[in-house]
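The primary structure of each chain is shown beneath.
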Amino acid sequence: MDALTLTQVTKKFGRTQVIDGIDLAVAPGEFCVFVGPSGCGKSTLLRMIAGLEDVTSGQIAIGGRQVTDLPPARREIAMVFQSYALYPHLSVRDNMGLALRQAGTPKAEVLASTDRAADMLSLTALLDRRPADLSGGQRQRVAIGRAIVRRPKLFLFDEPLSNLDAALRVATRIEIARLHRELGATMIYVTHDQVEAMTLAHKIVVLRAGRVEQVGAPMDLYNDPDNRFVAGFIGSPAMNFLDAGALGLRSDSLGVRPEHLAISAQGGTIPGRVSHLERLGGETLSYVQTEAHGLLTVRQFGEHDHAVDGPVWLTPDLERAFHFNAEGQRMRA
Amino acid sequence: MSVARRSMARSIAAHAVLIAYVLIALFPVFVIVINSVKSRRAIFADPLALPTAETFDLVGYHTVLRQGDFLLYFQNSMIVTVASLALVLLFGAMAAFALSEYRFWGNSLMGLYLALGIMIPIRLGTVVILQMMVAGGLVNTLTALVLVYTAQGLPLAVFILSEFMRGVSDDLKNAGRIDGLSEYAIFFRLVLPLVRPAMATVAVFTMIPIWNDLWFPLILAPSEATKTITLGSQVFIGQFVTNWNAVLAALSLAILPVLVMYLIFSRQLIRGITAGAVK
Ligand SMILES: Nc1ncnc2c1ncn2[C@@H]1O[C@H](COP(=O)(O)OP(=O)(O)OP(=O)(O)O)[C@@H](O)[C@H]1O
Ligand SMILES: [Mg+2]
């Protein structure tokens, strides 16, 4: 039985179709990430699963139970918001315990649950503070703790790390991955951060304009994208798209990852000029302006040097390139 | 350094303007209070002079307090103001919450309709209101005044509060919904505490016109038992002779409760005014 099933779910705000017929099944214990460009409907879909937004048509089931018409509190879910959304007038302990108390759980049990969750997130020392007296990272941990205390069937995260600085983001990401392993719970996670999606997910759902473009494990999407949108969206720096006609191929465009473009000062297939160089130590990114294909990105591992404005030749690794037709669909050999 | 000096000059200028304004605003109050403790002759001889040992006279206060009903008038004003204020705040906040929180057909039209009352003075409807009160048997009751003042205060309350409530984080309300709070609990326990400064602002702006009103008490509730303090003070203003000592004393006394209520709300009020500016 699936932890979450969406059947032909749609959502309209007035006349605009925001979610356009989504089918999805998430297995128990799975970590499922929704990614997509801004405004594609990720948050809206998550809020529909939470029951904060009603569906225009379609069905939602959580743990095999139809919840389409149930209010949020009865869906056995917990949600972590980007803005933390802690109750400002309650202590950390009361923030975490509110849902259980609201459900009429005995006091001792609430206390035990909050203590356990606080322990998992090293929040024990902060239990008596107000949210205003916490740092951003601590607030987000309290918000996660509040979700854990309820022991929900489904965890929902809406860009929980976007308000944190880079170092804290990595630490909290690792924390969430650890929690997922320890709790073995099903989690749905919305982000537009590549790295979060690739590192956390068992399953990535790529959305565009309210439709599912592709569903799959991170490496499946990376190595075997169904279409040009997914190919360009997954992977950083983004895939290069070459004009296949100019290369004498019969597809419309040729997708080549930056690491699969060879760069040489001596000779190759595509002539160009280095317009900018980024040397990061572990890798070197060269941005090469070409006549036929526009600006291409080349990624080399290790330290390399190319004269800016100097002439270079690029050679795509055709074995590992992807062919797309004019509609942007993948042409598999 | 020149920047520091310029801002210094600017702050002196700003303070000068503000102090001048305070003096102008307080001057009438000051004149009322000093004359209320002077003898009748001294009031007319030199209205701006401070009371001296000779001219000091509490006859006005004696008259007012001896006039037994004065405490009753006071109590009537208090009841009407507090009850109207409570109703305006409660219903205004609830309407504002509905307008800002729920999407329903005619939402913005309803908001516009409720805000329209800010521009149309309720006194234009006096005749109809009087007819309604007569039909309802509410003439010469405090209930009539409370009803009218509640209607009078609601438009501004709804307008100001719905603006503030739109600013309350949606995520917070949604977190409450997921945690199983009812819509009432979200309203009373999450939203109201966060808009407290706005509530105080509305309270002050609602309270003062009600306390000072003479029109509706005169028309709807002029009976001895339901007179408010502003109306009660009128007994000292005769067609031919006016007991100025008593009038001034009554006015001075009437300032007190508003002052107390204002002080209670003002801490919150200042936070409300600066809330928009800071951030
Ligand atoms: N209450 C609403 N009324 C009308 N349109 C809305 C409403 N809420 C969202 N939308 C529209 O629905 C679309 C999807 O919004 P949503 O917030 O789900 O995007 P998102 O994928 O989460 O984007 P982001 O990455 O920026 O958070 C947007 O085009 C947005 O303008
Ligand atoms: Mg979003």
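Residues numbered from 1 in each chain as written. Chains lettered and ligands numbered in written order. Predicted model: local features only at pLDDT ≥ 70, side-chain atom pairs only at ≥ 80, totals over all residues. Heavy atoms only, no water.

1. Some words on the sheet that holds strand β1 (residues 4–13) of chain A
Consider a sheet: its strands pair through backbone hydrogen bonds, and that pairing is either parallel or antiparallel. Residues and elements named next belong to chain A. Here is the rule we go by: Here, any two strands with at least 2 DSSP bridges between them count as paired. Strands are runs of DSSP state E lasting at least 2 residues, helices are runs of H or I lasting at least 4, and numbering of each runs from the N terminus. Residues count as neighbours in contact if any of their non-hydrogen atoms are within 4.5 Å of one another. Only the stretch in contact is used when fitting a helix axis, every axis being a line fitted to C-alpha atoms; angles between N-to-C directions are given from 0 to 180 degrees.
Overall, antiparallel pairing links the four strands, which are arranged β2-β1-β4-β5 in an open sheet. In this open sheet, the two edge strands, each paired with only one partner strand, are β2 (16–26) and β5 (65–66). Of the strand pairs in this sheet, β1 and β2 are connected by eight bridges, and their pairing is antiparallel. Within β2, the residue paired with Leu6 across the bridge is Leu24. Where helix α1 (residues 42–50) meets the sheet, its contacts fall on β1, β2 and β4 (57–62), and the angle it forms with β1 comes to roughly 120°.

2. Notes on the UniProt feature "domain: ABC transmembrane type-1" (unreviewed entry) in chain B
Where we set the bar: UniProt positions are given in the numbering used here, feature names are shortened, and annotations may be inferred rather than shown by experiment.
UniProt feature "domain: ABC transmembrane type-1" (unreviewed entry): in the numbering of this structure it lies at residues 74–265 of chain B. Helix makes up 76% of residues 74–265 of chain B and strand 0%, with an end-to-end C-alpha separation of 21 Å.

3. Digging into the interface of chain A and chain B
Accessible area lost during the coming together of the parts is what is often quoted as the interface size. This is how it is decided: Computed with a 1.4 Å rolling probe, the buried area is the accessible surface lost when two parts are put together, summed over both parts. We define a salt bridge as a side-chain nitrogen of Lys or Arg found within 4 Å of a carboxyl oxygen belonging to Asp or Glu. Any N or O atom pair separated by 3.5 Å or less is treated as a polar contact, with the protein-specific requirement of one donor-capable and one acceptor-capable atom, and with residues adjacent in sequence counted only for side-chain atom pairs. Asp, Glu, Lys and Arg are counted as charged, while Ala, Val, Leu, Ile, Met, Phe, Trp, Tyr, Cys and Pro are counted as nonpolar; the rest, among them Gly, fall into the polar class.
Tallying the contact residues gives 23 residues for chain A and 15 residues for chain B. Here chain A and chain B share an interface that buries about 1,500 Å² over both sides, 61% of which is from carbon and sulfur atoms. Interface area lost by chain A to chain B is led by Phe81, Tyr87 and Gln102 of chain A, which between them contribute 30%. Linking chain A with chain B are two salt bridges, by the criterion used here. Counting the contacts that link chain A with chain B gives seven residue pairs in polar contact (both at pLDDT 80 or more). Mapped by element, the contributors of at least two residues to the side of chain A that touches chain B are α1, β6 (77–80) and α2 (92–102) of chain A. Per-class residue counts for the side of chain A that touches chain B are 15 nonpolar, four polar and four charged.

4. Examining the packing of aromatic side chains
What counts here: Aromatic rings from Phe, Tyr and Trp, with only the six-membered ring used for Trp, were paired whenever their centres fell within 6.5 Å, and each pair was classed as stacked if the ring planes differed by under 30 degrees, edge-to-face if by over 60, and tilted otherwise. Buried, partly exposed and exposed residues are distinguished by accessible area as a fraction of the type maximum, computed with a 1.4 Å probe on protein chains only: under 20%, between the cut-offs, and over 50%, respectively. Charge over a ring is defined by NZ of Lys or CZ of Arg lying within 6 Å of the ring centre and within 35 degrees of the ring normal.
Going through the model one piece at a time under the given rule, you end up with eleven aromatic pairs over all chains. A centroid spacing of 6.4 Å and a plane angle of 80° characterise the contact between Tyr149 of chain B and Phe216 of chain B, whose relative ring orientation is edge-to-face. You can see Tyr149 of chain B sitting in helix α7 (residues 142–166) and its partner Phe216 of chain B sitting in helix α11 (residues 215–220), a full 67 residues away along the chain. Residue Tyr149 of chain B shares its accessibility class with Phe216 of chain B, and that shared class is buried. Through a chain of ring-to-ring contacts, the aromatic side chains of Phe31, Phe155, Phe157 and Tyr189 of chain A assemble into a single cluster. A cation sits over an aromatic face here: Arg228 of chain A above Phe241 of chain A, 4.2 Å from the ring centre. Here the guanidinium or amino end of Arg257 of chain A rests over the ring plane of Tyr222 of chain A, the centre of that ring lying 3.8 Å away.

5. A look at the domain arrangement of chain A
Residue and element names in this part refer to chain A. We apply this condition: Marked domain ranges trace back to an automatic or database domain assignment.
The assigned domain composition of chain A is domain 1 (4–230) and domain 2 (238–324). Between domain 1 and domain 2, the residue contacts involve six residues of the former and six residues of the latter. Between domain 1 and domain 2 the total buried area reaches about 580 Å² when both faces are included, carbon and sulfur atoms providing 56% of it. Three residues stand out in domain 1 for area buried against domain 2, namely Tyr222, Pro225 and Arg228, and they jointly supply 85% of the buried area on that side. For the interface between domain 1 and domain 2, the tally reads zero salt bridges. Across the domain 1-domain 2 interface, the total number found is three residue pairs in polar contact (both at pLDDT 80 or more). Looking at which element gives the most residues to the side of domain 1 that touches domain 2, the answer is helix α7 (residues 218–223), with three residues. Within the side of domain 1 that touches domain 2, the residues separate by chemical class into three nonpolar, two polar and one charged.

6. Considering the packing of α2 of chain A against helix α4 (residues 136–149) of chain A
Residue and element names in this part refer to chain A. Keep this limit in mind: Any angle that falls under 35 degrees is termed roughly parallel, while one over 145 is termed roughly antiparallel, one within 65 to 115 roughly perpendicular, and all others oblique. Definitions for this section: a left-handed crossing has its near helix turned counterclockwise from the far helix by less than a right angle. A right-handed crossing has that turn clockwise.
Between α2 and α4, whose axes approach to 8 Å, the crossing angle comes to 30°. The angle between the axes of α2 and α4 places the two elements in the roughly parallel class. When you trace α2 past α4, the crossing you get is right-handed. Residues Val92, Asn95, Met96 and Leu100 of α2 pack against Val142, Gly145, Arg146 and Val149 of α4. Taken together, the residues that form the contact of α2 with α4 break down as five nonpolar, two polar and one charged.

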